[in-house]
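Tertiary structure, described
Below are the chains, spelled out letter by letter.
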Amino acid sequence: MKTNATYFQNSKDKPLCYGEIDIINPKRKRLRGETEKEGIEVVPVLCGFCGTDLELMRMGQRGVLAPKFPSGEERLINGHEGIVYVPSEHHFAIPLIRGGDSWDPTRYTEDETYFEYGCDKADGIFCDKAYIHPDMLLPIPSACASADKLPLSLAKKLVFSDPYACAVFQHERMCDLGVAQNFRVEKAKRKCSDIDAMAYARESTFERTVVFGLGTTGLFIGDQIRRHHK
């Protein structure tokens, strides 16, 4: 499918370009064990440009972006934060950016693979039209948006769905690591059961927490910690 797009390439002078381009539509898995499916056509309506996009552009300037390109391509269409319209289903949706041949794409192991729209081996949504795996489109409820109209005030908030999801994931990972690292200490100190010790260890993880980098995601991580651990 031909469309106009903003894309990254390996170039010292032009790492970020705009123009007509062919978008490929390979079959992909959302998770390990699921059936491969081709993406369905979507129309991006609002996109964000984040720190990851900036770093990808700098990688293109250094000529080291090739591992991020979709298979057989010499460029990557950026954009992984945003909202799309799904013409075939007549609704707006938020793309879920990461999937692949893994049980959990946030915790993949050596024998698993993953892809990220707009980041790693899959084209994103900085374009007039795109293809997204149908099971990786989170519909925006009809109570919030009609079939053909989305309030701009809501759209601006929903652009932050991806960094907020990153913050939720980071909070989950901190809880996991804290429990695994410290539950035996809490069990010995409090002489309690494994279950109770895990709960104490989860909370003690956040007695001393430093967030490095107060970008959007860093602020969201701080908010997650404050909400869950007074």
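Here the structure is a predicted model, which is why all the values come from computation and not from measurement. (Residues numbered from 1 in each chain as written. Predicted model: local features only at pLDDT ≥ 70, side-chain atom pairs only at ≥ 80, totals over all residues. Heavy atoms only, no water.)

**So, the sheet that holds strand β4 (residues 76-77)**
Taking strand neighbours across the sheet as the criterion, the 3 strands line up as β2-β1-β4 in an open arrangement whose pairing is antiparallel. Looking along the sheet, the strands with just one partner apiece sit at the ends: β2 (16-22) and β4. As paired elements, strand β1 (residues 2-8) and β2 share 7 bridges and run antiparallel to each other. Each bridged residue has a counterpart across the sheet, and for T3 the counterpart in β2 is I21. (Pairing = 2+ DSSP bridges. Helix = DSSP H or I, 4+ residues; strand = E, 2+ residues; numbered from the N terminus.)

**Here's the deal with the sheet that holds strand β8 (residues 115-117)**
Spatial strand order, β7-β8-β9: 3 strands in an open sheet with mixed pairing. Each edge of the open sheet carries a strand with a single partner, namely β7 (98-99) and β9 (121-122). Where β7 lies against β8, 2 bridges are found, and the strand directions are antiparallel. Looking at β8, one finds that G99 is bridged to F115.

**Examining the side chain of R28**
Following the sequence through the fold, R28 ends up in the loop between β2 and β3 (40-48). The buried charged residue R28 lacks any salt bridge, with D123 as its nearest oppositely charged partner at 6.6 Å. For R28, the side chain forms a polar contact with the main-chain oxygen of K121, separated by 3.3 Å. In this structure R28 touches T35, E36, K37, F115, Y117, K121, A122 and H133, once residues within four positions along its chain are discounted. (Buried < 20%, exposed > 50% of the residue type's maximum accessible area, 1.4 Å probe, protein only. Lys, Arg positive; Asp, Glu negative; His and termini not counted. Salt bridge = Lys/Arg side-chain N within 4 Å of Asp/Glu carboxyl O. Polar contact = N/O pair within 3.5 Å; in protein donor to acceptor, adjacent residues only side chain to side chain. Contact = heavy atoms within 4.5 Å.)

**Quick word on the pairing of strand β6 (residues 91-95)**
Counting buried positions along β6 yields 5 of 5 residues, so the element is predominantly enclosed. Sheet analysis places strand β5 (residues 81-86) next to β6, joined by 3 bridges and oriented antiparallel. Looking at the pairing, Y85 lines up with F92 of β6. Linkage of β5 to β6, two consecutive antiparallel strands, is achieved through a turn of 4 residues, within which H90 is found at a positive phi near 55°. Bridge count between β6 and strand β11 (residues 137-139): 3 bridges; the pairing is antiparallel.

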